[in-house]
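Observations on chain architecture
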Amino acid sequence: MKRPRAVVMVVCAIALVVPAAAHAVTTQTFATSQSAFDPGVRNQGWWSPTFPNFAFNDNYVAGQPVDLGGSLYRNFFSFDLSSACPASSVTLQLTRFDQTGPLTYSLFDVSTPAATLNANEGTSQAIFDDLGSGTSFGSFPVADGGADDVLSFPLNAAGVAAFNAARGGFFSVGGKTPAEASFGNNIYGFSGPGAGGTQQLVVSCLPTTKDECKDGGWRNFPDFKNQGQCVSFVATGGEKTP
Ligand SMILES: [Ca+2]
Ligand SMILES: [Ca+2]
């Protein structure tokens, strides 16, 4: 059936009047530069059980680099989730910087409070252990590539659950290379204060209100095929997984 031209024009006018903000934001990005514990220093770095660090260093080496004395290093990244949406997916993105060869990079939960973690002065066997043990957030093969590459590590279901549990506070991720005992396996960041690189979480949001599902809003959430799925997800408090 052909719609009268007037109706089409009214529909178009409404589409123009309704602001984009009427539909929920469906992705969020959190950077280590936000809510810095040390002013001007990103909430990222490394801990070693034997090689002392200093709190204003935001280099995030992981592994056992030859040029840092052969000590073991595990890295961390902390994010302020005070305004975080409930997430359906969470991806950690990191600039590669220097890398010695193909390796596997593994992410873990972090029990150490974010403030303690980011006061990365000296050495700590306990924090080093924490960064590479506990609940796995995924293991990723990392091929060789350019120093400016931004690598993406999508967290597994346990990682997404940990993100959601941490909403309202800080969320930290620990990283290690399982082959760290073999000399020269590392992911290496050189970023001094403000020196650049990407260290962020990219999050796909889930709706928290039925209104976010209505008027086509469900289309903003890739997890849903229709408005009904979206509404029932909200109605069950997120228990009905899309
Ligand atoms: Ca620090
Ligand atoms: Ca841990």
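Refer to the structure presented above.
Just so we're clear, the structure is a prediction, and the values are computed from it rather than from any experiment. (Residues numbered from 1 in each chain as written. Chains lettered and ligands numbered in written order. Predicted model: local features only at pLDDT ≥ 70, side-chain atom pairs only at ≥ 80, totals over all residues.)

1. Topic: helix α4 (residues 157-166)
Among the residues of α4, Gly159, Val160, Ala162 and Phe163 are the ones counted as buried. Within α4, the buried residues cover an arc of 160° as seen down the axis, which keeps them to one side. Looking at α4, the residues exposed on the side facing more than 90 degrees away from the buried face are Ala157 and Ala165. Those residues of α4 that are buried are in contact with β5 (87-95), β7 (103-109), β8 (136-142) and β10 (170-176). (Buried ≥ 20, exposed ≤ 12 C-beta atoms within 10 Å, placed from the backbone. Helix = DSSP H or I, 4+ residues; strand = E, 2+ residues; numbered from the N terminus. Arc of directions from axis to C-beta. Contact = placed C-beta atoms within 7 Å.)

2. A look at the sheet that holds strand β9 (residues 150-154)
An order of β1-β12-β5-β9 is seen for the four strands of this open sheet, with the pairing classed as antiparallel. Strands at the two margins of the open sheet, each flanked by one partner only, are β1 (27-31) and β9. Pairs of neighbouring strands in the sheet enclose a mean axial angle of 25°, with direction left out of account. (Pairing = 2+ DSSP bridges. Axes fitted to C-alpha atoms, helices over the stretch in contact; angles between N-to-C directions.)

3. Description of the sheet that holds β7
Here five strands make up an open sheet; going across it, the order is β2-β4-β10-β7-β8 and the pairing antiparallel. Each edge of the open sheet carries a strand with a single partner, namely β2 (44-47) and β8. Each neighbouring strand pair of the sheet contributes to a mean axis angle of 25°, computed without reference to strand direction. Packed on one face of the sheet, α4 meets β7, β8 and β10 and runs near 130° to β8.

4. Details of the environment of Asp130
For Asp130, the position within the fold is in helix α3 (residues 125-131). Looking at Asp130, the number of C-beta atoms within 10 Å reads 21, which means it is buried. Along the sequence, Asp130 and Arg74 sit 56 residues apart, while their C-alpha atoms lie 9.4 Å from each other. Other than its neighbours up to four places away in sequence, Asp130 contacts Val110, Ser111, Thr112 and Gly174.

5. Considerations on the environment of Ser71
Locating Ser71 in the fold gives a position in the loop between β3 (62-63) and β4 (74-80). Once the C-alpha coordinates of Ser71 and Pro52 are considered, the two residues, 19 residues apart in sequence, prove to be 9.9 Å apart.

6. A closer look at unusual backbone geometry
Its identity as a non-glycine residue notwithstanding, Ser35 has a phi of 55°, on the positive side. When you line up the elements, Ser35 lands in the loop between β1 and β2. Ser35 sits in the partly exposed class, given 15 other C-beta atoms within 10 Å. For Asp215, which is not a glycine, the phi torsion comes out positive at approximately 55°. Assignment of secondary structure puts Asp215 in the loop between β12 (199-205) and α5 (227-235). Given 13 C-beta atoms within a 10 Å radius, Asp215 is considered partly exposed.

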